[in-house]
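One letter stands for each residue in the lines below.
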Amino acid sequence: MEDAPIRPPLIRIREAAQHDGRSVRVQGWVHNRTDKGRLQFLMLRDGSGLLQAVGFQKDLDEAAFEILTTLTQESAVELTGSLRADARAPGGFELGIQGIELVSLAEPDYPIQPKEHGTGFLMEQRHLWIRAPRQAAILRIRASIVKAIRDWLDSHDFVNVDTPILTPSACEGTSTLFATDYFGEPAFLSQSGQLYNEATIAALGRTYCFGPTFRAEKSKTRRHLTEFWMVEPEMAFADLEDVMAVEEQFLSYIVQTVLAEHRQLLVDVLERDVTRLEAIQAPFPRLSYDEAVERLRAGDFPDFPWGEDFGAPHETFLAEQFDRPVFVYHYPSAAKAFYMETVEGRPEVCRSVDLLAPEGYGEIVGGGQRTTRTELLEQRFVEHGLNRADYEWYLDLRRYGAVPHAGFGLGLERTVAWICGLGHVRETTAFPRMLEKMYP
Ligand code: 4AD
Ligand code: MG
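Residues numbered from 1 in each chain as written. Chains lettered and ligands numbered in written order. Predicted model: local features only at pLDDT ≥ 70, side-chain atom pairs only at ≥ 80, totals over all residues. Heavy atoms only, no water.

## Here we look at the overall build of the protein chain
Here is step 1: Along the backbone of the protein chain there are twelve helices and 18 strands.
Here is step 2: Principal axes of the C-alpha set define a box for the protein chain whose edges measure 85 × 55 × 40 Å.
Here is step 3: The 440 residues of the protein chain split such that 50% are buried.
Here is step 4: Looking at the protein chain alone, contacts between residues at least 24 apart form 65% of all its contacts between residues at least 6 apart.
Here is step 5: In the form shown here, the protein chain has an accessible surface area of approximately 20800 Å², with 52% of it arising from carbon and sulfur atoms. (Helix = DSSP H or I, 4+ residues; strand = E, 2+ residues; numbered from the N terminus. Buried < 20%, exposed > 50% of the residue type's maximum accessible area, 1.4 Å probe, protein only. Contact = heavy atoms within 4.5 Å. Areas by Shrake-Rupley, 256 points an atom, 1.4 Å probe, with all protein chains shown as cover.)

## Considering the sheet that holds strand β4 (residues 76–85)
Here is step 1: Read around the closed barrel, the five strands follow the order β1-β2-β3-β5-β4; overall the barrel is mixed. This sheet shows a mean twist of 50 degrees between the axes of neighbouring strands, independent of strand direction.
Here is step 2: Examined bridge by bridge, β4 and strand β5 (residues 93–104) share ten bridges and lie antiparallel to one another. Bridge assignment links Leu79 to a residue of β5, and that residue is Ile100. (Pairing = 2+ DSSP bridges. Axes fitted to C-alpha atoms, helices over the stretch in contact; angles between N-to-C directions.)

## So, the side chain of Arg370
Here is step 1: Along the chain, the position of Arg370 falls in strand β17 (residues 362–370).
Here is step 2: On the accessibility criterion, Arg370 (3% relative accessible area) is buried.
Here is step 3: A distance of 3.4 Å separates the side chain of Arg370 from the backbone oxygen of Gly368, its partner in a polar contact.
Here is step 4: In terms of polar contacts, Arg370 uses its side chain to reach the backbone carbonyl oxygen of Gly407, at 3.3 Å. (Polar contact = N/O pair within 3.5 Å; in protein donor to acceptor, adjacent residues only side chain to side chain.)

## Some details on the sheet that holds strand β8 (residues 179–182)
Each strand in a sheet pairs with its neighbour through backbone hydrogen bonds, running either in the same direction (parallel) or in the opposite one (antiparallel).
Here is step 1: Judged by pairing direction, the sheet is antiparallel, and its three strands sit side by side in the order β7-β9-β8 without closing on themselves. Edge strands, defined here as strands with exactly one partner in the open sheet, are β7 (166–167) and β8.
Here is step 2: Looking at chain direction, β8 and strand β9 (residues 185–189) are connected through four bridges and run antiparallel. Bridging from a neighbouring strand, Asp181 pairs with Pro186 of β9.

## What to know about the side chain of Arg398
Here is step 1: Residue position: Arg398 is located in helix α11 (residues 392–399).
Here is step 2: For Arg398, a relative accessible area of 8% puts it in the buried group.
Here is step 3: Of the polar contacts made by the side chain of Arg398, one reaches the side chain of Glu198; its length is 2.7 Å.
Here is step 4: With sequence-adjacent residues up to four places away left out, Arg398 is seen in contact with Glu198, Arg370, Thr371, Thr372, Arg373, Thr374, Leu377 and His405.

## Describing the pattern of salt bridges
Here is step 1: For the structure shown, the criterion picks out 29 salt bridges.
Here is step 2: Among the salt bridges present, the one from Glu436 reaches Lys220, with a minimum N-O distance of 3.1 Å. Placement of the pair is Glu436 in the segment after α12 (412–420) and Lys220 in the loop between β10 (206–214) and β11 (227–236), with a sequence separation of 216 residues. For the pair formed by Glu436 and Lys220, the shared burial category is exposed. (Salt bridge = Lys/Arg side-chain N within 4 Å of Asp/Glu carboxyl O.)

## Remarks on helix α10 (residues 374–383)
Here is step 1: By the burial criterion, the buried members of α10 are Leu376, Leu377, Arg380 and Phe381. Buried residues along α10 cover an arc of 140 degrees about the axis, so they all sit on one side. The exposed set on the far side of α10, more than 90 degrees from its buried face, consists of Glu375 and Val382.
Here is step 2: Residues of α10 that are buried make contact with β14 (342–343), β15 (346–350) and α11.
Here is step 3: Following α10 by one or two positions, Gly385 has its phi on the positive side, about 65 degrees. (Arc of directions from axis to C-beta.)

## Some details on the site of ligand 1
Here is step 1: The local shell around ligand 1 holds 23 residues, among which Glu172, Gln194, Arg215, Glu232 and Glu363 are the closest.
Here is step 2: A distance of 2.9 Å is found between an oxygen atom of ligand 1 and a side-chain nitrogen or oxygen belonging to Arg215.
Here is step 3: Within the contact set of ligand 1, a nitrogen atom lies 3.2 Å away from a side-chain nitrogen or oxygen of Glu217.
Here is step 4: Here ligand 1 has 620 Å² of accessible area as a free molecule, and 94% of this is covered by the chains.
Here is step 5: No other element matches the six residues that β17 contributes to the shell around ligand 1.
Here is step 6: Of the residues belonging to the shell around ligand 1, the class tally is seven nonpolar, eight polar and eight charged. (Near = heavy atom within 4 Å. Nonpolar A, V, L, I, M, F, W, Y, C, P; charged D, E, K, R; others polar.)

## A short note on the nonpolar core
Here is step 1: Core analysis: the biggest nonpolar cluster contains 59 residues, and Ile145, Ile149, Phe250 and Trp418 have the highest contact counts within it.
Here is step 2: Take this core: its biggest share by element is twelve residues, from helix α6 (residues 240–269).
Here is step 3: Excluding residues within four positions of it along the chain, Ile149 makes contact with Phe210, Val231, Phe250, Ile254, Leu410 and Leu412.
Here is step 4: Counting 22 residues, the second-largest nonpolar core is a separate cluster that includes Val26, Leu44, Leu83 and Phe93. (Core = buried A, V, L, I, M, F, W, Y, C linked by side-chain atoms within 4.5 Å.)

## Re the environment of Thr428
Here is step 1: One can find Thr428 in the segment after α12.
Here is step 2: Of the residues examined, Thr428 reaches a relative accessible area of 0% and is grouped as buried.
Here is step 3: Along the chain, Thr428 and Val416 lie twelve residues apart, while their C-alpha atoms are 6.1 Å from each other.
Here is step 4: What Thr428 contacts, discounting residues up to four positions off in sequence, is Ile138, Leu139, Arg142, Glu413, Val416, Ala417 and Leu422.

## What about the packing of aromatic side chains?
Here is step 1: If you walk through the whole model with that rule in mind, you get 19 aromatic pairs.
Here is step 2: Ring geometry for Trp152 versus Phe158: centroids 6.5 Å apart, planes at 40 degrees, classification tilted.
Here is step 3: Taking the relative accessible area as the measure of exposure, Trp152 reaches 8% and is therefore buried.
Here is step 4: Residues Trp152 and Phe250 carry aromatic rings whose centres are separated by 5.4 Å and whose planes lie at 55 degrees to one another, so their mutual orientation is tilted. In this pair, Trp152 sits in helix α4 (residues 133–154) while Phe250 sits in helix α6, placing the two residues 98 residues apart along the sequence. Assigned by exposure class, Trp152 and Phe250 land together as buried.
Here is step 5: Note that Arg398 overlies the ring of Tyr394, its terminal NZ or CZ placed 4.1 Å from the centroid. (Phe/Tyr/Trp six-rings, centres within 6.5 Å; stacked < 30°, edge-to-face > 60°. Lys NZ or Arg CZ within 6 Å of the ring centre and 35° of its normal.)

See below:
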């Protein structure tokens, strides 16, 4: 029997160090090419890293060298060659090209050139822009944040329950609902899975949902998307204190895990100041809303009226006073959602808590203790213009075995923006949805 020809192993660029001095094959895209006549330099990108490859005319047959000299940016190739350590090359290795197979030749007018482009243009080219190492690094870190979120909750007795995206009613106010037609009846894209997990905790104790949520936000800011992902843990037999204790452990784990797994991407690709992230360790400081208002008035906002929700400048001012995220609890009841439990003896404030991230990233988590009182809910339905009949099932949860319960929602995109040190949430997801932005 004749032996099949032995082909060098196909490797991922990330694994180059394990194959030093050996022949390998790599598949990828031409990130760029430098033409030095008899010498052609390629920067090859395969999604796991970048690899410098060099082709000498004298080492290659005529057809192979011809392919090499005509390669355009983003052409796809399979290279065969020998790997050698080279401290000057990105990643520390260089491939000496011995063979090339053209998978596809890219048209010569790739829209994104190695120069500065405006963000408006890049957003229109988002399907191509994500190939840029910086954008790819953000998506990789996002995936690792998602995994850290799930790992922490799964190992702390929270059961993942998927809540519906098509819903009959509002959770977070009627002004940001996306309506759709459900066989002749109105339906809304979910703003939050919270109300449903207030039901599932009576079956499972501690649950969480993690998925896309929707808000018809009219605001055009660097923190708002119309479609974003939220993870929402909910706990039976728990109060506002429990929420804060869980949040600070949970968030510290997420940040420290990303630092351990992706320090190099954060430092080299995203140029993130990681000393700011190293400081993120429980416990986090706590301020009541009243104390926060005092601080605002003593500082940049002497006329801040008690009762108003904080805007981005207020959140930034407060967060700047600490080196880690700060809890603000007991907000005015009127500034928060209908389901909040009030504080005993002070019905004008509620058992809510927002977590404000450092460095101007603002509120990344919102949560609190849910009321178990039917009378309060009925009053809130009227005040918030909600149709009681839509919430009959929710009232059942108060009728049959109500217990103190609490939970929170962490916004994934704002968390990614903060950890990666980005100026805008639009770069935290592959295809962002924003006011006036649905393409591609
Ligand atoms: O404060 P929110 O509205 O709280 C809730 O939806 C609760 N039902 C959560 C709960 O207790 N289970 O939203 C929670 C978080 C915010 O802190 C923010 O990080 C994020 O969701 N968020 C947004 N992120 C991007 N774009 C938007 N338009 C966002 N709205 C909220
Ligand atoms: Mg909120």
